[in-house]
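Architecture at a glance
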Amino acid sequence: MQIRMRLNQEQVELDVQPRVTLADCLRHQLGKTGTHLACEHGVCGACTVIVNGQAVRSCLMLAVQAADAEVTTVEGLAADDAPFSPLQAAFRKHNALQCGFCTSGMLTTAHALLTAEPDADRDRIRSVIAGNLCRCTGYVSIVDAIYEAGEAYRVGERS
Amino acid sequence: MKLPPFEYASPGTLQEATALLAKHNGEARPIAGGQSLLPLMAYRLAAPSLLIDLAKIEGLNRIEIGEDGVQVGAMTRWCQIEAEETLTHAHPLMREAVRNIAHYQIRNRGTIGGSLAHADPAAEMPALAITCDAEIYVTGARGSRVVAAKNFVVAPLETSLKPDELITSIRFPRWQPHRRWAFLEFSKRRGDFALGGVALHFEEDAQGHATAVHVGVFGTGETPGRLAAVEDFVTGKKVDAALAHAAGRMARANVQAASDMHASEEYRKALIGTLLERALIEAATRRTEEWKSCKSA
């Protein structure tokens, strides 16, 4: 099927089989390998991307269901002229990753959360990233990073 | 973990969708949020020849709160129910149940109709529908009908829906203003399938005795169900710690539970007893105004 979507602010058009998940489409057809795949049945959260402003598991969505949608992957978080977004910078500062496998899903989840709820407290952050498995860090540094990055989203809201 | 091949259709009307279902005679499946169906297909436990996406059909995702209850469109996503502040008073038990469903990202896609049609024994929504005597509105190529929730789920992952039928909405009877309620479940990690759960509500008469007691359990056996013995036991009594403890023991003795790789039968029975005891105490001691928005929880 021929579909169009807006991927990281760019219009893309492609031919995709119905059976292809959004995750596989992003990785194999569109080259966005920052989206990681682990469990492929909606348990681990590594493949989280943002579709029309909402964090979703891209292994539990068909690419054809993303037709005409606005999709953001981890590659689309930082501004063109910056290496990191404020959220990514906070992850770096707090050492909020070790192996890095879960990180793109953590970042996309947290970006969607803070965009909608810039005042999210630590409890809210913890409950949201309960859907993202990290087997290295123990989450403390991840929660610290997301909580600190909230300030950048609140500033963005005011300006 | 790749999906088996299938065709995909995204009709714009219910009539087209039910006609497609009828034409494919059981080989087609509707897809709502896909949060249960796609894993099932990834595991090759389901391999429909056609997926009929309901996303483009208008009017299926409304939450209507009226005099006779709350009508929730089948394509209403969990995140909509979480965000619907008016449900704090119109149906607090529904919001509490939805808070317990899966994870943030899944609540952004999963739908109330999809969960009912999937009928997982550990799912919150079929249990809530049965506890609250909800009605499932169904439409098919040969007309529409209304099914009582207790007659809807017939076996694990099996409902009384015919191959050409779709859920269009779910109606919950009007919520009584001073009703007491609780929803508790237990899973080893937050968001995992519950090893057991309890949903309940009751009223209090002028003497403070419980009336109209509804107690539902899920996650333990083949289908969610009500604990009639416990409902009868609690009816007409004042709910306090001693009564809750006795009711918990009764629930433990009466609940149907099965052993599997996640928990033994004995464990699940004990779990339901404990959850019921806690739920009754929580319901009896909560003051209505203490209920806060679930957005921040």
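Residue numbers run consecutively from 1 along every chain, following the written order of its sequence. Key to labels: chains lettered from A, ligands numbered from 1, both in the order written. Local features in a predicted model are, by the rule used here, given only for residues with pLDDT of at least 70; side-chain atom pairs are given and counted only at 80 or more, and totals for whole chains, interfaces and linings are based on all residues.

With respect to the overall build of chain A
- Secondary structure elements are taken from DSSP: a helix is a run of H or I of four residues or more, a strand is a run of E of two residues or more, and numbering for both begins at the N terminus. Along chain A, the regular secondary structure elements total five helices and five strands.
- Helices (α) and strands (β) of chain A occur, in sequence order from the N terminus, as β-β-α-β-β-β-α-α-α-α.
- For the radius of gyration, the atom set is restricted to C-alpha positions; the globular benchmark scales as 2.2 Å times the number of residues to the power 0.38. Expected size for 159 residues packed as a compact globule is a radius of gyration near 15 Å; at 15 Å, chain A falls within 12% of this value.
- Dimensions of chain A, computed from the C-alpha atoms along their principal axes, are close to 45 × 35 × 25 Å.
- Per-residue burial for chain A yields a buried fraction of 47% across its 159 residues.
- What counts as a contact is two residues whose backbone-derived C-beta atoms lie within 7 Å of each other. Sequence-distant contacts in chain A: of pairs separated by 6 or more residues, those separated by 24 or more amount to 59%. To sort residues by exposure, count the other C-beta atoms lying within 10 Å of each residue's C-beta; 20 or more gives buried, 12 or fewer gives exposed, and values between give partly exposed, all with C-beta atoms placed from the backbone.

Description of the packing of helix 2 (residues 86-93) of chain A against helix 3 (residues 103-116) of chain A
Residue and element names in this part refer to chain A.
- For every element, the axis is a line fit to its C-alpha atoms; helices are fit only across the contacting stretch, and the angle between N-to-C directions ranges from 0 to 180 degrees. With their axes 10 Å apart at the nearest point, helix 2 and helix 3 run at an angle of 130° to one another. With respect to helix 3, the element helix 2 is oriented oblique. Seen along the crossing, helix 2 lies across helix 3 with a hand that is right-handed. Residues L87, Q88 and F91 of helix 2 form the contact with helix 3, whose own contacting residues are T103, L107, A110, H111 and L114.
- Polar here means any residue outside two lists: the nonpolar Ala, Val, Leu, Ile, Met, Phe, Trp, Tyr, Cys and Pro, and the charged Asp, Glu, Lys and Arg; Gly therefore counts as polar. Of the residues assigned to the contact of helix 2 with helix 3, the class counts are five nonpolar, three polar and no charged. To sort the angles, those under 35 degrees are grouped as roughly parallel, those over 145 as roughly antiparallel, those from 65 to 115 as roughly perpendicular, and the leftovers as oblique. Here a crossing is taken to be left-handed if its near helix is turned anticlockwise relative to the far helix by less than a right angle, and right-handed if that turn runs clockwise.

Some details on the interface of chain B and chain A
- The partner chain A presents 21 residues to the 25 residues of chain B that form the contact.
- If you list the elements that add at least two residues to the side of chain B that touches chain A, you get strand 1 (7-9), helix 2 (37-42), strand 3 (50-53) and helix 6 (104-107) of chain B.
- Across the side of chain B that touches chain A, the residue classes break down as 14 nonpolar, seven polar and four charged.

Here's the deal with the pairing of strand 3 of chain B
Residues and elements named next belong to chain B.
- Here strand 1 runs beside strand 3; their pairing, made up of three bridges, is parallel. From the neighbouring strand, A9 faces strand 3, where its bridge partner is I52.
- We treat two strands as partners when DSSP finds at least two bridges between them. Looking at chain direction, strand 2 (residues 28-31) and strand 3 are connected through four bridges and run parallel. Among the inter-strand pairings, A28 is bridged to a residue of strand 3, identified as L50.
- Handedness is read with the strands pointing away from the viewer; a crossover is right-handed when the path from the first strand over the helix to the second is clockwise. As for the winding sense of the linkage, the β-α-β connection from strand 2 through helix 2 to strand 3 is right-handed.

Observations concerning the pairing of strand 13 (residues 210-218) of chain B
Residue and element names in this part refer to chain B.
- Here seven bridges tie strand 12 (residues 196-204) to strand 13, and the two strands are oriented antiparallel to one another. Residue pairing for strand 13: G197 is matched across the bridge by F218.
- Following strand 13, the chain reverses through six residues before pairing antiparallel with strand 14 (residues 225-226); G219 in that reversal takes a positive phi of roughly 85°.

Brief notes about the environment of T111 of chain B
All names here are of chain B.
- Tracing the backbone shows T111 in the loop between helix 6 and helix 7 (112-118).
- When the C-alpha positions of T111 and C79 are compared, they lie 8.9 Å apart, and in sequence the two are 32 residues distant.
- Once residues lying within four places of it in the same chain are set aside, the contact partners of T111 are A32, G33, A74, M75, T76 and R77.

Shape is all these values report; function is a separate question.
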